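Coordinates in review
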Amino acid sequence: MRSIVKGIGQVLSSFGLSCVLLILLALLTWLGTLEQVHSGLFEVQKKYFESFFLVHHIGSVSIPLPGANLVMCVLGVNLLLGGIIRLRRSWDTAGVLVVHLGIVLLLVASFIKAYHSQEGHLTLYEGQRANVYESYYRWEVAVGHTLPGGRVQEFLVPQEDFAQARGPAPAVLESESLPFHLELSHFMPNCRPLPKGPMFDVAVPVIDGFFLQTQALQKEAEQNVAGAYAAVVGPGGTRTEGVLWGLESGPWTVDVAGESWTVDLRHERYPMPFTVALDVFTKEEHPRTNMPSKFSSDVTVTEDDVARPVKIEMNQPLRDEGLVLYQASWGPSNAAPGDPLFSTLSVVRNPADQLPLYACIVIAVGLLLHFSRKVLGYMQSEARR
Amino acid sequence: MSTKTVPFLVGLIVLAAACSDQDASGPRTIRAERTWTPVGKFAPPGLSTAERFGYTRNLPQATEEDAGGLTWNLPDGWTELPTSSMRQANFLVLGDERAECYLTVLSGEGGGLLANVNRWRKQMGLEPTDEQTLASAPRATLLGEPALLVDLEGTWSGMSGDAASDGYRLVGLLAVGGGQARFLKMIGPAERIADQKLAFLALAASFREGAAAHDHGTGEADPHAGVDMSGAGISGFGAPSGSAEGLSWTTPAGWHETDPRPMRAVTFEIGADPKAECYVVQLGGTAGGAFANINRWRGQMGQSALSDAEFQSLERISMLGTQAVVVEVLGTYTGMGDDLVEQASLLGAVCQLPQAAIFVKLIGPRELVDSSRQDFITFCQSLGQGG
């Protein structure tokens, strides 16, 4: 047993494994980039970079590969074992040791980003304000009702809890605080609601004259609009059925035991600790073209009744309370001159936001240390001649 | 690996599975709960299903004067459905998704009584009837006027003739006069229609003009607010040449506008060939979308459906301030009325506006269509709104 563990340790800490892993990372990056011709960014990220295993297809040939997630995990172990534990510790190797630490920091930052960050967008027309931002891809079902004072109590069901209910068998969701349980079925990642006529049959339920028609998945995942059938089963088994759709103009409203509840299928919403109001959106164009050269958003950030003006523009994000708001895009793209424009701010909550910067500094210090020592050694040997 | 290691690993896996927090098939507990104060504009609760899905305003809104301000008494258990350009009132009968009822009002004669009765008879798989039989048919009240009552039972083949449902029944009222053609039609399984025939007649008699809301007997405040009553097929037929249904255009040389036809904003004859025509149809919403309609056109020409990639590669032109998909199909044309045109060519353009879809279709002998291609494109690009 000890020899097996020792053998595994030697393999995991070897320089050869480092080379293989780095080549695999380069290969995955290359294949993932090529795959974006056929699939959108979101799908490629999931398949090549957030997975442990994948199968890449070249024509009719299927090639199993480790995902970047697995490769980076092993690389982290390899760096720890090989670079830090096995490395001879002396002043000669101090710089290399620091560089290894920096790379480990980078991997830790990517791990935190992958598993503990929230990414979305905040889209506002001038004069609008909001204190939540929305995911680009992830869906949730929010069951809510209004409380006195304009507050809202919401019970949130993440996509994982109902996305498997693709057929009539429902995902049943309950809470002790709810006077009913919710059933979600026929989840469709991309669909549209249509009125049902007698000239055709459909394989899904028809509710209030409407049914959901599934659509082919779009290449860019953010263009998909999910839908599902919902049923609220109240006290005594009273059952009310409705249709949910991601682009609906308002939530499905249902009365249970004399109280009005809303059920809403929407992109995941993340609250912000402050309110952002878009005061002015500015778009400058290259001379005699419609190509924007620069666009920026003048916003007012209000927190605890204290308001302050902030200008958000390319490469000048707003950082506050662990959130980073970047100027991402604007629209509508086909707006005529004089039409109101909206500004889209990309919002990221990443606890490791600054960690890559610190990692790069550590790596730079390590390299400086290492090469300074080498130069000094060379100069000393030259002087001895 | 020692013999002790395997049970140890198996135990670990079993333990991990046992620690799994949720049973995959059983009820799940909603864990995330939050109370917060939303800031900004959020969608209001309490909307109807049609309103939530954007189906209540299918076409540009007309004033009540334009629409004639129709109102009616909704039969018990019936549901109002979204209106469309050809359905000024639209209902689901007693919650039965196979049974529907709708009112269509057209300017002019809409083809006349006999043609429409025979069209309905054909949809039910029945032989045509004649004027003499119609003269002795019963009458009932529709929009305050006597209307011809038909009651047909047979195999419902659908509007496009590609469905086949046995045991269906069609009850309809037709009235032509005063510059309008009015049709109220209920179709569905025979037993359901028999059950609801009296409700249908009561509904027909209740249609009236002028009031602001419908009597649902529920005490709801204006539940029909937002339902489009423009009857977009109506106003265009009386409009000056070059505009109809809120559309305007420039007529190419050699094209001649024909008499108004149901469902069409305008129809043109091209040259002297009676088999060649070009027409414009405006429908609310997406009307199935460009992809489905282009493949339907290809089916009419005996061609297979396009793939997504083939559809994406189709020509696009500017039309009505947006992009329209243009398709050209060669083959043998089988029209809605089973009319055949050998060696035919079909040129079509589909344009999706925010509230409506516009279809322009040129069909005829191949040589004539080929020579009219540039006129077709120019015509499509000349289309404007607000005519």
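Before reading further, recall that the structure is shown in the block above.
First, a word on what this report is: a plain description of the structure on this page.

**Points about the overall build of chain B**
- Helix and strand counts for chain B come out as 11 helices and 21 strands.
- Residues counted as buried form 48% of the 387 residues belonging to chain B.
- In chain B, the proportion of contacts linking residues at least 24 apart, taken out of those at least 6 apart, comes to 57%.
- When the accessible surface of chain B is split by element, carbon and sulfur atoms take 53% of a total near 18,300 Å².

**Some words on the packing of helix α4 (residues 68-85) of chain A against helix α5 (residues 94-116) of chain A**
Residues and elements named next belong to chain A.
- For the pair α4 and α5, interaxial distance at closest approach is 10 Å and the crossing angle is 155°. The orientation of α4 relative to α5 falls into the category roughly antiparallel. With respect to the hand of their crossing, α4 and α5 are arranged in left-handed fashion. Residues Asn 69, Met 72, Leu 75, Gly 76, Leu 79, Leu 80, Gly 83 and Ile 84 of α4 form the contact with α5, whose own contacting residues are Leu 97, His 100, Leu 101, Ile 103, Val 104, Leu 107, Ser 110 and Tyr 115.

**A look at the interface of chain A and chain B**
- Residue-level contacts link 52 residues of chain A with 47 residues of chain B.
- Taken over both partners, the interface formed by chain A and chain B buries close to 4,200 Å², and the fraction arising from carbon and sulfur atoms is 57%.
- On inspection of chain A and its partner chain B, the count reaches three salt bridges.
- The residue Arg 52 of chain B makes a salt bridge to Glu 248 of chain A at a minimum N-O spacing of 2.5 Å.

**Considering a nonpolar patch on the surface**
Residue and element names in this part refer to chain A.
- The grouping of Phe 52, Phe 53, Phe 111 and Tyr 115 at the surface amounts to a nonpolar patch, some 460 Å² of accessible area in total.
- By secondary structure assignment, the location of Phe 53 is in strand β1 (residues 53-58).
- Since its relative accessible area comes to 64%, Phe 53 is described here as exposed.

**Quick notes on the pairing of strand β16 (residues 277-284) of chain B**
Residues and elements named next belong to chain B.
- Taken across its eight residues, β16 has seven buried, putting it largely inside the fold.
- Connecting the antiparallel pair strand β15 (residues 266-270) and β16 is a turn made up of six residues, with Gly 271 showing a positive phi of about 65°.
- For β16 and strand β20 (residues 356-365), the ladder comprises eight bridges, and the chain directions are antiparallel. Bridge assignment links Gly 284 to a residue of β20, and that residue is Ala 356.

**Examining the environment of Gly 234 of chain A**
Residue and element names in this part refer to chain A.
- In this structure, Gly 234 sits in the loop between β10 (227-233) and β11 (239-245).
- You can call Gly 234 buried: its relative accessible area is 11%.
- C-alpha separation for the pair Gly 234 and Ala 257, spaced 23 residues apart in sequence, amounts to 7.8 Å.
- Residues within four places of Gly 234 in sequence aside, it is in contact with Pro 179, Phe 180 and Val 256.

**Quick word on the nonpolar core**
- The biggest cluster of nonpolar side chains holds 42 residues, and the ones touching the most others in it are Val 141, Phe 162 and Leu 182 of chain A.
- The contact partners of Leu 182 of chain A, leaving out residues within four places of it in the chain, are Val 141, Val 143, Ala 171, Val 172, Leu 173, Ala 230, Ala 231, Val 232 and Val 263 of chain A.
- In terms of nonpolar packing, the next biggest core, distinct from the first, is built from 28 residues, Val 266, Ile 270, Val 280 and Leu 353 of chain B among them.

**A few points about α4 of chain A**
- Between its terminal C-alpha atoms α4 of chain A stretches 24 Å, which fits the 26 Å expected from 18 residues at 1.5 Å a residue.
- Taken together, the buried residues of α4 of chain A touch α1 (2-12), α2 (15-35), α3 (41-49), β2 (61-66) and α5 of chain A.

**Re helix α6 (residues 355-384) of chain A**
Residue and element names in this part refer to chain A.
- With 30 residues, α6 extends 43 Å between its outermost C-alpha atoms, agreeing within 8% with the 44 Å of an ideal straight helix rising 1.5 Å per residue.
- Within the span of α6, buried status applies to Leu 355, Ala 359, Ile 363, Gly 366 and His 370.
- Close packing links the buried residues of α6 with α5.

**Some details on the sheet that holds β11 of chain A**
- Strand order in the open sheet formed by five strands is β11(A)-β10(A)-β7(A)-β6(A)-β1(B), and the pairing between neighbours is mixed. Edge positions in the sheet fall to β11 of chain A together with β1 (28-29) of chain B, since each has one partner strand and no second.
- Note that β10 of chain A and β11 of chain A share seven bridges and pair antiparallel. From the neighbouring strand, Tyr 229 of chain A faces β11 of chain A, where its bridge partner is Val 243 of chain A.

Conventions used here
Residues numbered from 1 in each chain as written. Chains lettered and ligands numbered in written order. Predicted model: local features only at pLDDT ≥ 70, side-chain atom pairs only at ≥ 80, totals over all residues. Heavy atoms only, no water. Helix = DSSP H or I, 4+ residues; strand = E, 2+ residues; numbered from the N terminus. Buried < 20%, exposed > 50% of the residue type's maximum accessible area, 1.4 Å probe, protein only. Contact = heavy atoms within 4.5 Å. Areas by Shrake-Rupley, 256 points an atom, 1.4 Å probe, with all protein chains shown as cover. Axes fitted to C-alpha atoms, helices over the stretch in contact; angles between N-to-C directions. Parallel < 35°, antiparallel > 145°, perpendicular 65-115°, else oblique. Left-handed = near helix turned anticlockwise from the far one by under 90°. Buried area = accessible area lost by both parts, 1.4 Å probe. Salt bridge = Lys/Arg side-chain N within 4 Å of Asp/Glu carboxyl O. Patch = residues over 30% accessible without salt bridge, like charges linked within 9 Å, V, L, I, M, F, W, Y side chains within 5 Å. Pairing = 2+ DSSP bridges. Core = buried A, V, L, I, M, F, W, Y, C linked by side-chain atoms within 4.5 Å. Expected span 1.5 Å × (residues − 1).

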